[in-house]
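The primary structure of each chain is shown beneath.
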Amino acid sequence: MKPNIRKIVTYDEEVLVEGFRKADRTWRMFAVAAVVSNPWAGRYVDDLRAEILAYGPILGELLTNRMVALAGGGDAIEAYGKAAVVGLDGEVEHASGLIYTLHFGNFFRQAVGAKSYLSFTDTRGPANTPIMVPMMDKNDAGRRSHYLTLQFAIPDAPRADEVVVVLGGATSGRPHHRIGDRYQDLKDLGHDVDNPASV
């Protein structure tokens, strides 16, 4: 059992000026998306595990290899995330199933040498639905400079019976970061880093 991939889309942007000021270093964000047939479209399926286990490693390795090639190496990726958009004949659970498995995400995590989990979104919509890929620092979940969102769309995807599966990355944080990190907030509130909600 292998995913039926209709197309692969690459999105890449380089920001040279942000907030009316030139960036000291180019702010680059990019993504690779696979448009795949939804194996569960149009029906309710109790157990999604077989397809998740079959599709996850193939999509994870394919998209990771392309992301690393885009970046010029895994070390160049500082922030990362993932997303999926399921077409209208599918459930949000189908989008979730294809990206919320270690059989998919661990390829990317290992390739970039990450410690943080992959931030994520899963949504449903028609072709040209905005794809939002949230990202954070690959090693430090509290580093706000690397809280990023990459947005793009694919004009003909997802079709009703498809899922768009995406990995995103960035080679830096926002150019003029100046809102502090969550650690200062925790200190101000007297909360522990390991218990931020103080519960």
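The following paragraphs examine the structure supplied in this document. (Residues numbered from 1 in each chain as written. Predicted model: local features only at pLDDT ≥ 70, side-chain atom pairs only at ≥ 80, totals over all residues. Heavy atoms only, no water.)

## Remarks on the packing of helix 1 (residues 49-71) against helix 3 (residues 102-111)
Move 1: Following both chains from N to C, one finds helix 1 and helix 3 inclined at 25°, their axes separated by 6 Å at the closest point. As summarised for this structure, helix 1 and helix 3 are arranged roughly parallel, according to the angle between their axes. When the axes of helix 1 and helix 3 are compared, the crossing they make is right-handed. Mapping the contact onto sequence places Leu-53, Gly-56, Pro-57, Leu-59, Gly-60, Glu-61, Leu-63, Thr-64, Met-67 and Val-68 in helix 1 and His-103, Phe-104, Phe-107, Phe-108 and Ala-111 in helix 3.
Move 2: Tallied by class, the residues present in the contact of helix 1 with helix 3 amount to ten nonpolar, four polar and one charged. (Axes fitted to C-alpha atoms, helices over the stretch in contact; angles between N-to-C directions. Helix = DSSP H or I, 4+ residues; strand = E, 2+ residues; numbered from the N terminus. Parallel < 35°, antiparallel > 145°, perpendicular 65-115°, else oblique. Left-handed = near helix turned anticlockwise from the far one by under 90°. Contact = heavy atoms within 4.5 Å. Nonpolar A, V, L, I, M, F, W, Y, C, P; charged D, E, K, R; others polar.)

## A look at helix 2 (residues 92-99)
Move 1: Most of helix 2 is tucked away: six of the eight residues are buried.
Move 2: Residues of helix 2 that are buried include every one of His-94, Ala-95, Ser-96, Gly-97, Leu-98 and Ile-99, and no others.
Move 3: Of the surrounding secondary structure, the elements contacted by the buried residues of helix 2 are strand 2 (21-37), helix 1, strand 3 (79-86), helix 3, strand 4 (119-124) and strand 7 (162-170). (Buried < 20%, exposed > 50% of the residue type's maximum accessible area, 1.4 Å probe, protein only.)

## Points about the pattern of salt bridges
Move 1: For the structure shown, the criterion picks out seven salt bridges.
Move 2: As a salt-bridge pair, Asp-156 and Lys-7 come within 3.0 Å of each other at their nearest N and O atoms. Linking Asp-156 in the loop between strand 6 (148-152) and strand 7 with Lys-7 in strand 1 (residues 5-18), this pair joins segments that are 149 residues apart in sequence.
Move 3: On the basis of relative accessible area, Lys-7 is assigned to the partly exposed category, the value being 28%.
Move 4: Of the charged contacts in the structure, one is a salt bridge between Asp-137 and Arg-143, with a shortest N-O distance of 2.7 Å. (Salt bridge = Lys/Arg side-chain N within 4 Å of Asp/Glu carboxyl O.)

## Remarks on empty space enclosed by the protein
Move 1: Taken as a whole and judged by the stated rule, the model has one cavity of 30 Å³ or more.
Move 2: Approximately 30 Å³ is the volume attributed to the largest cavity.
Move 3: Looking at the largest cavity, the residues that line it are Ala-83, Ala-84, Val-85, Thr-121, Thr-123, Pro-130, Ile-131 and Met-132.
Move 4: Contributions of two or more residues to the lining of the largest cavity are made by strand 3, strand 4 and strand 5 (131-137).
Move 5: The element best represented in the lining of the largest cavity is strand 3, accounting for three residues.
Move 6: Along the lines of polarity and charge, the residues of the lining of the largest cavity split into six nonpolar, two polar and no charged. (1 Å grid on protein atoms, 1.4 Å probe; cavity = no way out; pocket = protein on both sides within 12 Å on 5 of 7 lines; lining within 4 Å. Points joined across faces, edges and corners; volume = space filled by probe spheres on them.)

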